[in-house]
Amino acid sequence: MPVVLRLIIGFGFMAHGWAKLSRGPAGFAHIVAWIGFPVPFFFAWLTTITELVTGFAMFIGAFVTLVSIPMLIILLVAMFSVHWQHGFSSINTIGFDPVTGPIFGQPGMETDLLYIGGLILLALGTGAGALSVDSWRHKINRKRRSSS
């Protein structure tokens, strides 16, 4: 059912956007500068707002195919500029502390690829599903066309 996939992807993007916003995009701008983007403060804000807006749109199922494009761009940039160098796995255990337990390193590409797969499925395959703004819009448009 597309609604489950949409809710997970939408919530994930909103959570990442909210984390950037709550910590201040200026902190994220350091990462943006590190990966080589010009005007890092601008791109930090752009990424934060894009994650919040597209995440919410995906969550409610509005313009799913359209919002998938900037979501894919963010994922591809993150994957190729940061995560690829840490391999595939999203869980990289780099050590163990007998008191605090496992010590984890940076995540690899696994989660990016899962998000990308979900977005492709929603955008090109199943669509937003019955419980979505897109479905509601299509029903209204069909009624308008049939009454004309």
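Being a predicted model, the structure only gives us computed values, none of them experimental.

In this structure, what is going on with the packing of aromatic side chains? I would like to understand it.
The description of an aromatic ring pair rests on the distance of the ring centres and on the angle between the ring planes. By the definition in use, this model includes 4 aromatic pairs. The interplanar angle of 85 degrees and the centroid separation of 5.6 Å between the aromatic rings of Phe 13 and Tyr 115 together place this pair among those described as edge-to-face. Here Phe 13, found in helix 1 (residues 2–23), pairs with Tyr 115, found in helix 5 (residues 110–126); they are 102 residues apart in sequence, far enough to count as distant. Tyr 115 shares its class with Phe 13; the two are buried.

What should I look at first to understand helix 4 (residues 64–83) in this one?
Note that an α-helix has 3.6 residues per turn; residues three or four places apart therefore point the same way. Buried within helix 4 are the following residues: Val 64, Val 67, Ser 68, Met 71, Ile 74, Leu 75, Met 79, Val 82 and His 83. Here the buried face of helix 4 lies against helix 1, helix 2 (25–34), helix 3 (40–60), helix 5 and helix 6 (133–147).

So what exactly am I meant to see when it comes to the environment of Gly 27 here?
As for its position among the elements, Gly 27 is in helix 2. Sequence separation between Gly 27 and Ala 44 is 17 residues, and the spatial gap between their C-alpha atoms is 8.6 Å.

What's the story with the pattern of salt bridges in this structure? I'm lost.
Side chains that differ in charge, positive against negative, can pair when their charged atoms come close. Within this structure, the stated rule accounts for 2 salt bridges. In this structure, the salt-bridge partner of Lys 20 is Glu 51, at a minimum N-O distance of 2.9 Å. Here Glu 51 lies in helix 3 and Lys 20 lies in helix 1, a separation of 31 residues in the sequence. According to the relative accessible area criterion, Glu 51 is buried, its value standing at 5%.

What should I look at first to understand the packing of helix 1 against helix 4 in this one?
What describes two packed helices is the angle between their axes and the distance between those same axes. Direction vectors running N to C along helix 1 and helix 4 enclose 50 degrees, while the axes themselves pass 12 Å from each other. By the angle between their directions, the pair helix 1 and helix 4 is classed as oblique. The handedness of the crossing between helix 1 and helix 4 is left-handed. Contact residues: helix 1 offers Arg 6, Ile 9 and Phe 13, while helix 4 offers Val 64, Met 71, Ile 74 and Leu 75.

Can you walk me through the side chain of Thr 50 in this structure?
As for its placement among the helices and strands, Thr 50 is situated in helix 3. You can call Thr 50 buried: its relative accessible area is 16%. Once residues lying within four places of it in the same chain are set aside, the contact partners of Thr 50 are Gly 55, Pro 70 and Ile 74.

What am I meant to see in the environment of Gly 61 here?
Secondary-structure assignment places Gly 61 in the loop between helix 3 and helix 4. Note on Gly 61: relative accessible area 0%, which makes it buried. Expressed as a C-alpha distance, the spacing of Gly 61 and Ser 132, which sit 71 residues apart in the sequence, is 4.4 Å.

Can you help me understand a nonpolar patch on the surface in this one?
Nonpolar side chains collect at one region of the surface, where Leu 7, Phe 11, Phe 56, Phe 59 and Ile 60 lie side by side and expose about 430 Å² of accessible area between them. Those elements giving two or more residues to the nonpolar patch turn out to be helix 1 and helix 3. When residues of the nonpolar patch are assigned to their parent elements, the largest contribution, 3 residues, is made by helix 3. Tracing the backbone through its elements, the reader meets Phe 59 in helix 3.

Definitions and cut-offs
Counting of residues starts from 1 at the beginning of each chain's written sequence and follows it residue by residue. In keeping with the model being predicted, local features are shown solely for residues with a pLDDT of at least 70 and side-chain atom pairs are shown and tallied solely at 80 or more, while totals for entire chains, interfaces and linings include all residues. Note: side-chain values were computed over all heavy atoms of the structure, leaving out hydrogens and water. Only Phe, Tyr and Trp rings are paired, with Trp represented by its six-membered ring, and only when their centres lie within 6.5 Å; those with planes under 30 degrees apart are stacked, over 60 edge-to-face, the remainder tilted. Numbering goes from the N terminus for both helices and strands, where a helix is a DSSP run of H or I of at least four residues and a strand is a run of E of at least two. In this scheme, a residue with accessible area under 20% of its type's maximum is buried, one over 50% is exposed, and one in between is partly exposed, where area comes from a 1.4 Å probe on protein chains only. We call two residues contacting when some pair of their heavy atoms lies within 4.5 Å. Here, a salt bridge means any Lys or Arg side-chain nitrogen found within 4 Å of an Asp or Glu carboxyl oxygen. Between the N-to-C directions of two axes lies an angle of 0 to 180 degrees, each axis being a line fitted to C-alpha atoms and, for a helix, fitted only over the stretch in contact. We call two directions roughly parallel when the angle between them is under 35 degrees, roughly antiparallel when it is over 145, roughly perpendicular when it lies between 65 and 115, and oblique otherwise. Handedness of a crossing follows from how the near helix is turned relative to the far one, being left-handed for an anticlockwise turn of less than a right angle and right-handed for a clockwise one. Each patch is built from residues lacking any salt bridge and having more than 30% relative accessible area; the joining distance is 9 Å for like charges and 5 Å for nonpolar side chains (Val, Leu, Ile, Met, Phe, Trp, Tyr). Using the Shrake-Rupley algorithm and a 1.4 Å probe, accessible areas are obtained, with residue cover drawn only from the displayed protein chains.

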